[in-house]
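# Report on the structure
Listed below, chain by chain, are the residues.
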Amino acid sequence: LLFAMGLGTTITFASSHWLLAWMGLEINTLAILPLMCQSHHPRAVEATIKYFLTQATAAAMLLFASITNAWITGQWNLEFMSYSLPTTLVTVALALKIGLAPLHAWMPEVLQGLDLTTGLILSTWQKLAPFCLLLQINPSNTSLLLILGLASTLVGGWGGLNQNQLRKILAYSSIAHLGWMILVLQFFPSLTLLTLLMYFVMTFSLFISFKVNNSTTINSLSMSWSKTPIISSMVPFILLSLGGLPPLSGFLPKWLILQELTKQSLAPLATLAALSALLSLYFYLRISYAMTLTMSPNTLLNALPWRLPSNQHTLPLAITT
């Protein structure tokens, strides 16, 4: 299944024909579905069904748009998207695929039903193929992308505020970061790729550290000091980096994006985006606070896991952090 996932993404990457690109996306979706419901928990199955329905809708829309484009222009090439209707349709379909606001509602729900490993695949690898297509079509409809991007940063900030579940918070954080990428996509595509890469590294380390701690809610994080002291002291750095706090590495893409937006004389938009980053920073701070500054009631029972030898592989976590 993992091979099929890789294959789907590779087909989309390598294709310049709309039908092949669509096929890659389909293989990608179908390969991750069994991985998502492998625990046979009702919640996991529900999440899988939700994911399947949204992805199928988006793929059908993409196919419809590419057929329309072929009908108007008489060719199937990805680069020649000169007409506004098919281009807009493709952009909206890809936005639904990666979960940009206002088409984001499936993302927190789906991520909440999965275990952390599959959730990690969903919020990193599954974003690659749609992003590749977005970069290739280079949508001419500027305002649509700016609206999607700004809405995503705002929704990603506000949505995460009231959450107690870590996976939902991570989903909203994903939406916010995707918004930042989409804002700068048409002005500076390589900067979008840099942001995507940075986001992958940070998300990877965050998911792995939550997996090592085996924690899914903010409340369970206060136990982590007695389980894994070193990871608990490193996670706030990852979190603040995700929030975009200088001098951490997550600040770099945000700084460059704000600079690029002001160069394009979109200062009000840049201001709004920067303010929405503060909302995200607030709930990252909450998680950091719960993890490092609160001590759980230290009975003997709570300190027990620390004495047992851990069999978790923490090398990739250390490297990404």
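Predicted model only: the values in this text are computed from it and were never measured.

## Let's talk about the overall build of the protein
Each helix and strand counted, the protein has 17 helices and zero strands in total. For the C-alpha atoms alone, the extent of the protein along its principal axes is close to 70 × 45 × 30 Å. Within the protein, contacts between residues separated by at least 24 positions form 76% of all contacts whose residues are at least 6 apart in sequence. On the protein, roughly 14100 Å² of surface is accessible, and the fraction owed to carbon and sulfur atoms is 72%. The average position of the 12 basic charges and that of the 6 acidic charges among the side chains of the protein differ by 14 Å.

## A closer look at the UniProt feature "transmembrane region" (unreviewed entry) in the protein
The sites that carry the UniProt feature "transmembrane region" (unreviewed entry) are, in the present numbering, residues 49-72, 84-107, 143-162, 169-188, 194-212, 224-245 and 265-285. Between the C-alpha atoms that bound residues 224-245 the distance is 24 Å, and the span itself is 86% helix and 0% strand.

## Digging into the side chain of Arg167
Among the structural elements, Arg167 can be located in helix H9 (residues 166-184). Here Arg167 occupies a buried position and makes no salt bridge, while the nearest side chain of opposite charge, Asp115, is found at 7.1 Å. In contact with Arg167, not counting residues within four places along its chain, are Leu111, Gln112, Leu114, Asp115, Leu116 and Thr216.

## Structural notes on the packing of helix H10 (residues 189-213) against helix H14 (residues 251-263)
Interhelical geometry of H10 versus H14 gives an angle of 155° and a closest axis separation of 9 Å. One element, H10, and the other, H14, form an angle in the roughly antiparallel class. Considering how the two elements wind past one another, H10 and H14 form a crossing that is left-handed. Side by side, H10 and H14 meet where Leu191, Leu194, Thr195 and Met198 of the first sit next to Leu252, Pro253, Leu256, Ile257 and Glu260 of the second. Residue composition of the contact of H10 with H14, by class: seven nonpolar, one polar and one charged.

## Remarks on the packing of aromatic side chains
Per the counting criterion, the structure on display carries four aromatic pairs. Arranged with centres 6.3 Å apart and planes meeting at 55°, the rings of Tyr199 and Phe200 form a pair that is tilted. By relative accessible area, Tyr199 is classed as buried at 1%. The interplanar angle of 10° and the centroid separation of 5.7 Å between the aromatic rings of Phe251 and Trp255 together place this pair among those described as stacked. Here Trp255 and Phe251 lie together in helix H14, a separation of four residues that amounts to about one turn. Note on Phe251: relative accessible area 27%, which makes it partly exposed.

## Quick look at the environment of Gly24
Inspection of the secondary structure assignment puts Gly24 in helix H2 (residues 18-36). Sequence spacing of Gly24 and Phe207 is 183 residues, and the spatial spacing of their C-alpha atoms is 26 Å. For Gly24, the contacting residues outside a window of four places in its chain are Gly8, Ile11 and Thr12.

## Some remarks on unusual backbone geometry
Cis peptide bonds are those with omega within 30 degrees of zero, and the linkage from Ala101 to Pro102 qualifies with 0°. The residue Pro102 is located in the loop between helix H4 (84-98) and helix H5 (106-112) in this model. Residues Pro246 and Pro247 are joined by a peptide bond in cis, for which omega reads 5°. Here Pro247 shows up in the loop between helix H13 (229-243) and H14. In this structure, His40 is a non-glycine residue whose phi angle is positive, near 60°. Topologically, His40 is positioned in the loop between H2 and helix H3 (42-73).

## Details of a nonpolar patch on the surface
A cluster of nonpolar side chains, Leu30, Val45, Ile49, Phe52 and Leu53, forms an exposed patch at the surface whose accessible area comes to about 440 Å². Tallying contributions element by element places H3 first for the nonpolar patch, with four residues. Locating Phe52 in the fold gives a position in helix H3. Using a relative accessible area of 36% as the deciding quantity, one classes Phe52 as partly exposed.

## Describing the domain arrangement of the protein
Under the domain assignment, the protein is made up of domain 1 (1-140) and domain 2 (192-320). Computed from C-alpha coordinates alone, the two centres of domain 1 and domain 2 are separated by 27 Å. The interface is formed by eleven residues belonging to domain 1 together with twelve residues belonging to domain 2. With both chains or domains summed, domain 1 and domain 2 bury close to 1000 Å², and 86% of this area falls on carbon and sulfur atoms. Across the contact surface, domain 1 and domain 2 share one residue pair in polar contact (both at pLDDT 80 or more).

## Considering H4
Helix length check: H4, at 15 residues, gives a terminal C-alpha distance of 21 Å against a target of 21 Å (1.5 Å per residue), a fit within 8%. Burial runs high along H4: eleven of the 15 residues are buried. Those residues of H4 that fall on the buried side of the exposure criterion are Pro86, Thr87, Leu89, Val90, Thr91, Ala93, Leu94, Ala95, Leu96, Lys97 and Ile98. For H4, the secondary structure elements touched by its buried residues are H2, H3, H5, helix H7 (128-137), helix H8 (142-161) and H9. Phi turns positive, to about 90°, at Gly99, one or two residues after H4.

Conventions we followed
- Residues numbered from 1 in each chain as written.
- Predicted model: local features only at pLDDT ≥ 70, side-chain atom pairs only at ≥ 80, totals over all residues.
- Heavy atoms only, no water.
- Helix = DSSP H or I, 4+ residues; strand = E, 2+ residues; numbered from the N terminus.
- Contact = heavy atoms within 4.5 Å.
- Areas by Shrake-Rupley, 256 points an atom, 1.4 Å probe, with all protein chains shown as cover.
- Lys, Arg positive; Asp, Glu negative; His and termini not counted.
- Charge placed at Lys NZ, Arg CZ, Asp CG, Glu CD.
- UniProt positions renumbered as here; feature names shortened; annotations may be inferred.
- Buried < 20%, exposed > 50% of the residue type's maximum accessible area, 1.4 Å probe, protein only.
- Salt bridge = Lys/Arg side-chain N within 4 Å of Asp/Glu carboxyl O.
- Axes fitted to C-alpha atoms, helices over the stretch in contact; angles between N-to-C directions.
- Parallel < 35°, antiparallel > 145°, perpendicular 65-115°, else oblique.
- Left-handed = near helix turned anticlockwise from the far one by under 90°.
- Nonpolar A, V, L, I, M, F, W, Y, C, P; charged D, E, K, R; others polar.
- Phe/Tyr/Trp six-rings, centres within 6.5 Å; stacked < 30°, edge-to-face > 60°.
- Patch = residues over 30% accessible without salt bridge, like charges linked within 9 Å, V, L, I, M, F, W, Y side chains within 5 Å.
- Domains from an automatic or database assignment.
- Buried area = accessible area lost by both parts, 1.4 Å probe.
- Polar contact = N/O pair within 3.5 Å; in protein donor to acceptor, adjacent residues only side chain to side chain.
- Expected span 1.5 Å × (residues − 1).

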